Amino acid sequence: MFYKQFSKITDALNPVFVENFDFWLATLPKSNQKNITASDVSSRLGVKYSLAEAILSFACIEGIIEKYYLVKCPDCDYTLETLTPGQLATSLCTPSYCLECGENKRITTDDIYTAYKVVLQPNVSETEIAQAIERRLNLGTSTNLNFTKADSLSNNLLNIYAEFYNPSESAYQKFTELRGKLDLDYGTNTTAKGKALENLILEIFNQIAYVVGTNDVKTKTNQFDCTMLCGIKTINLSVFNYLAPYFIVECKNEKKKPDNTYTNKLESILHTNDAQLGIVWGRKNATNPCFTISREHYLTKRDTAKQQIIITCSDTDLDYLIEKRVNLLRYLEFKIFQITSNSPDSTFEMFTFTSV
């Protein structure tokens, strides 16, 4: 093989495919060493799209290729921008100007495509490459780009979620610090005890790009523990459809399990405002009737213009978010799935996600 790194996966993937990909990548002309897509690999090498994605992800991890994103005009297909990971959130929330159309365009995930470029050349001589090409003249290469909708970000929510929620190491240290304050001895100061959990939840949710929260909102009838404004309204992502325009988190730093009192209260609050997601966050798992109430409330709202979901969380969920560092948006998607699918016993581990 030209790239010795691929020898690591010959047992995991079809060795013939791995060898063909290695040859194809190593012999690409300079002009073709960018705008590589999974669709391109799938078409050229005659393999399933998922297999093409897998080997591109591996090559990216090994530093052979580098991932980036192309933003296409939704009307004329003109390339508006080339983005590196970390720039997607801003692009999705800001109109892009198209020189061809002469106007600003609202970009969605349908208009952003995942692509790769070669950044590491094989450690072999030109003579070795020439000899290999001579032996395989029948392989052939094409210079046509092969972008399909399968390469758009609409088919890779995990990459998008990583763009919108990617806490730094210092942020995780802050999470751990605030979590350590949950069980301090606050004596009779129940307000300070409750604030400890509110501060932690605010810190976690404020790490979502374009989401900002406070625990100071008071209405004429209620005071909300955590109110989170979500500035994302036009992105076709299932989770953000529930987060916008804002969502409410009720925090209960108590030893007892949250019961249906809290769920019913949150349900009544959602009836009187535009929030679509309500979260009851306690220290222990909520009682079983809470799930039943949440499920029934979902059923009454699922065919209306305003969707509403109530979920419950606990210290177990903090373990996933802080200790295991699971992406918060992915985790919220799972918690919402439990309600919509009526599967309270389903676990996050039942679902396998892969991404670079």
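You'll find the structure just up there.
Residues numbered from 1 in each chain as written. Predicted model: local features only at pLDDT ≥ 70, side-chain atom pairs only at ≥ 80, totals over all residues. Heavy atoms only, no water.

Caption draft 1: Representation of the sheet that holds strand β7 (residues 226-230) in the model. Overall, mixed pairing links the 5 strands, which are arranged β6-β7-β8-β9-β10 in an open sheet. The sheet terminates laterally at β6 (211-214) and β10 (309-313), the two strands that pair on one side only. If you compare each strand with its neighbour and ignore which way they point, the axes differ by 20° on average. Packing of helix α8 (residues 190-205) onto the sheet brings it into contact with β6, β7, β8 (246-252) and β9 (277-282), and relative to β8 it is tilted by some 145°. (Pairing = 2+ DSSP bridges. Helix = DSSP H or I, 4+ residues; strand = E, 2+ residues; numbered from the N terminus. Axes fitted to C-alpha atoms, helices over the stretch in contact; angles between N-to-C directions. Contact = heavy atoms within 4.5 Å.)

Caption draft 2: The arrangement of the sheet that holds strand β2 (residues 79-83) in detail. One open sheet holds the 3 strands; their spatial order is β2-β1-β5, and the pairing between them is antiparallel. Each edge of the open sheet carries a strand with a single partner, namely β2 and β5 (112-118). Taking the axes of each pair of neighbouring strands and ignoring which way they run, one obtains an average angle of 30° across the sheet. Here strand β1 (residues 65-72) runs beside β5; their pairing, made up of 7 bridges, is antiparallel. When the bridges of β5 are listed, V71 appears paired with I112.

Caption draft 3: Looking closely at the packing of aromatic side chains. Scanning the model with the defined rule gives 18 aromatic pairs in all. On the basis of an interplanar angle of 65° and a centroid distance of 5.8 Å, the ring pair of Y320 and F348 is categorised as edge-to-face. Of this pair, Y320 sits in helix α12 (residues 315-323) while F348 sits in the segment after α13 (328-340), and the two are 28 residues apart along the sequence. Summarising the burial analysis for this pair, Y320 and F348 share the class buried. Pairwise contacts between aromatic rings join Y3, F6, F17, F21, W24 and F58 into one cluster. The ring of Y320 has K324 lying over it, and the distance from NZ or CZ to the ring centre is 4.2 Å. Above the face of the Y172 ring, R325 is positioned so that its terminal group lies 4.2 Å from the ring centre. (Phe/Tyr/Trp six-rings, centres within 6.5 Å; stacked < 30°, edge-to-face > 60°. Buried < 20%, exposed > 50% of the residue type's maximum accessible area, 1.4 Å probe, protein only. Lys NZ or Arg CZ within 6 Å of the ring centre and 35° of its normal.)

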